[in-house]
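Here are the chains, one letter per residue:
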Amino acid sequence: MKKVIVTLIVLIIVVQANLSIAATKKDLEDQQNQIDDKIDETEGRIKELEEQKSATLKEVESLITQISEYETEIDNLQEKIDALQSQIDTAEKSIKEKEAQYVKEKELLDERLLTMCENGETKYLDVLLGSASIIDFISKYNTITELVESDIELLESIDQQKKEIEGEKAKLESDKKELDTAQASVEAKQSELKTAKAKKDKQVKKLSAEEKEAQEELEKFEKDKKEIAAELKKIAEQEKNNGNNIAGKPSMSGYIFPVQGLSKSNINNKTYPSYAGHTGVDVNINVIGKSVVAVKDGTVEISRAIPGSINNYDSNGNVIGSYSSYGEYVVINHHDGTMTLYGHMKPGSRKVSVGQKVKQGQVIGTVGNTGNCKPRPTASHPTQGTHLHFEVRINGLPVNPIPYLP
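Here, residues in each chain are numbered from 1, in the same order as that chain's written sequence. Two thresholds apply to this predicted model, a pLDDT of at least 70 for residue-level local features and 80 or more for giving and counting side-chain atom pairs, whereas whole-chain, interface and lining totals are computed over all residues. The basis for the side-chain values is all heavy atoms of the structure; hydrogens and waters are excluded.

Novice: What's the story with the overall build of the chain in this structure? I'm lost.
Specialist: Each helix is a run of H or I in the DSSP string that is no shorter than four residues. Each strand is a run of E no shorter than two, and both are numbered from the N terminus. The secondary structure content of the chain amounts to four helices and nine strands. Each residue gets one of three labels from its accessible area relative to the maximum for its type: buried under 20%, exposed over 50%, partly exposed in between, using a 1.4 Å probe on protein chains only. Counting across all 406 residues of the chain, residues that qualify as buried make up 34%. Sequence separation of at least 24 residues holds for 72% of the intrachain contacts in the chain that already meet a minimum separation of 6. For the accessible areas, the method is Shrake-Rupley and the probe is 1.4 Å, while residue cover comes only from the protein chains on display. Here the chain displays about 24200 Å² of accessible surface, and carbon together with sulfur accounts for 55% of that area. For this analysis, residues touch if any pair of their heavy atoms sits within 4.5 Å.

Novice: Where do I start with the environment of Gly 261 in this structure?
Specialist: Structurally, the position occupied by Gly 261 is in the loop between helix H4 (209-241) and strand S1 (281-283). Overall, the relative accessible area of 77% leaves Gly 261 in the exposed class.

Novice: Whenever I open this one, the nonpolar core confuses me. Can you help?
Specialist: Most often, soluble globular proteins have nonpolar side chains that are buried together. Core analysis: the largest hydrophobic core is formed by 27 residues, its most contacted members being Val 283, Val 330, Ile 332, Tyr 342, Ile 364, Leu 388 and Phe 390. Residue contributions to this core peak at four residues, all from strand S8 (residues 388-394). Leaving out residues up to four positions away in the same chain, Val 283 has contacts with Phe 257, Val 259, Leu 262, Asn 266, Ile 267, His 387 and Leu 388. Within this scheme, the nonpolar core is defined by two criteria: the residues are buried Ala, Val, Leu, Ile, Met, Phe, Trp, Tyr or Cys, and they are joined through side-chain atoms within 4.5 Å. Of all hydrophobic cores here, the second largest spans 17 residues; its members include Leu 63, Leu 77, Ile 81 and Leu 172.

Novice: Help me understand the pattern of salt bridges in this model?
Specialist: Oppositely charged side chains may form a pair once their charged atoms are brought near each other. For this document, the term salt bridge refers to a Lys or Arg side-chain nitrogen within 4 Å of an Asp or Glu carboxyl oxygen. Inspection of the entire model under this criterion finds six salt bridges. For the salt bridge of Lys 223 with Glu 227, the shortest nitrogen-to-oxygen distance reads 2.9 Å. Here Lys 223 pairs with Glu 227, and both are found in helix H4, just four residues apart, close to one helical turn. The residue Arg 393 makes a salt bridge to Glu 391 at a minimum N-O spacing of 2.8 Å. For the pair shown, Arg 393 and Glu 391 are each scored as buried.

Novice: In this structure, what is going on with the pairing of strand S5 (residues 338-345)? I would like to understand it.
Specialist: The buried count for S5 comes to eight of eight residues, which makes it a mostly enclosed element. For strand S4 (residues 319-333) and S5, the ladder comprises five bridges, and the chain directions are antiparallel. Of the residues in S5, the one forming a bridge with Val 331 is Leu 341. Whether two strands pair depends on DSSP finding at least two bridges between them. Between the antiparallel neighbours S4 and S5 lie four residues, among them His 335 with a positive phi of about 60°. Two elements, S5 and S8, share six bridges in a ladder whose sense is antiparallel. The residue of S8 that forms the bridge with Met 339 is Arg 393.

Novice: Please explain the environment of Pro 403 as it appears in this structure.
Specialist: Looking at where Pro 403 falls in the secondary structure, it is placed in the segment after strand S9 (397-399). According to the relative accessible area criterion, Pro 403 is partly exposed, its value standing at 40%. When the C-alpha atoms of Pro 403 and Tyr 255 are compared, they prove to be 9.9 Å apart, with 148 residues separating the residues in sequence.

Novice: Teacher, can you tell me more about the side chain of Asp 282 here?
Specialist: Tracing the backbone through its elements, the reader meets Asp 282 in strand S1. In this tally, Lys and Arg are treated as positive and Asp and Glu as negative; His is ignored, and so are the chain termini. Buried within the structure, Asp 282 lacks any salt-bridge partner; its nearest side chain of opposite charge belongs to Lys 374, at an N-O separation of 9.8 Å. At 3.4 Å, the side chain of Asp 282 and the side chain of His 278 are in polar contact. Polar contact is defined as a pair of N or O atoms within 3.5 Å, subject to the rule that within protein one atom must be able to donate a hydrogen and the other to accept it, and that residues adjacent in sequence are counted only when both atoms are side-chain atoms. Here His 389 takes part through its side chain, which lies 3.4 Å from a polar atom of the side chain of Asp 282. In this view, Asp 282 contacts Ile 267, Asn 268, His 387, Leu 388 and His 389; residues no more than four positions away in its chain are not counted.

Novice: Which parts of the structure should I look at to understand the packing of aromatic side chains?
Specialist: Any two aromatic rings considered together are summarised by their centre-to-centre distance and by the angle between their planes. Ring pairs shown here join Phe, Tyr and Trp side chains whose ring centres sit within 6.5 Å, with only the six-membered ring taken for Trp; geometry is labelled stacked below 30 degrees between planes, edge-to-face above 60, and tilted in between. Per the stated rule, a full pass over the model turns up three aromatic pairs. Relative to Tyr 404, the ring of Tyr 255 has its centre 5.3 Å away and its plane inclined at 75°; by these criteria the two rings are edge-to-face. Of this pair, Tyr 255 sits in the loop between H4 and S1 while Tyr 404 sits in the segment after S9, and the two are 149 residues apart along the sequence. The residues Tyr 255 and Tyr 404 share a single accessibility class, namely buried. On the numbers, 5.4 Å between centres and 40° between planes, the contact of Tyr 326 with Tyr 329 is tilted. For the pair shown, Tyr 326 and Tyr 329 are each scored as buried.

Next comes the structure, spelled out in structure tokens:
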């Protein structure tokens, strides 16, 4: 009996121990599940924060591009306002001069008509009948004919002047209305610009240090783009003054592809613009080591490197230059109203200089990733972001380059 009791006690202890272990295991599993849930929750919050940061940076980038577009529109509208004001000033001066001439000739005509009325309608006939000879008669007849023709010409001139004045006044009123509309547009754009800038400044405060660096690079890129655009517009104006400007749209034919041995199939995104503010197209498939060529004959207007803080690396990960914006780029003037731009070329690869004449297909550099490329090259990935940014500009303004490429 004693043995049985001992056995029962042992069994009770074992069962209780097992129950205790089971309970402890369940508690631990519950605790682990709670910890896992917290980890998932934390990771979710981290991911959410990262997404928010990314969304904030994207919004800032979008606002920077929007601000640049507003500023460009305001500049263009201001140019239009200045041109209209100049036209209005010229028209007002012309109208004033023509009105003075009109009044002068009208007074002359009125004076002659009054003289004719006072002398009667028979004056010309009396002069002819009083001729001393046939020669005198013919001479007087020719004089009278010239006077009559002069009167007719004077009448026609006055009538023409009146029509011209009325036409110029109508055009002047139209220009003034257009000027008012342009000025109202400027005021509206300035208001939108102010709102966008305030919104951008608010969002910038939420950015991390790394994101702020990216934001500052983008702002510099937009600033550089505006300066380059102004430079190209100035060149286009000079072309116009030299008689090389073509009204309307120049021919899209006669171009070759800007990267040697490649074609449109090496462009990943063929929409234009592929994103807001993108003024060209990116040739970015199988481009590493490829040569950049002139798409048509022309003259090099720009060949430069834009320094900045974005590093470029060689195959060993060594820094070989720091750039921003278009990096190393070239602009060629084709003297038919068009210019082409080739951006982000490899450090030191440019083979042409300003003023140099180039032939179609001539190598002008090598595809690279200098400047504001996405993704940016790193020491471990030196060829990351490699592509050619290619633009076509008509009279200094960017257009969709895809239709110009074979």
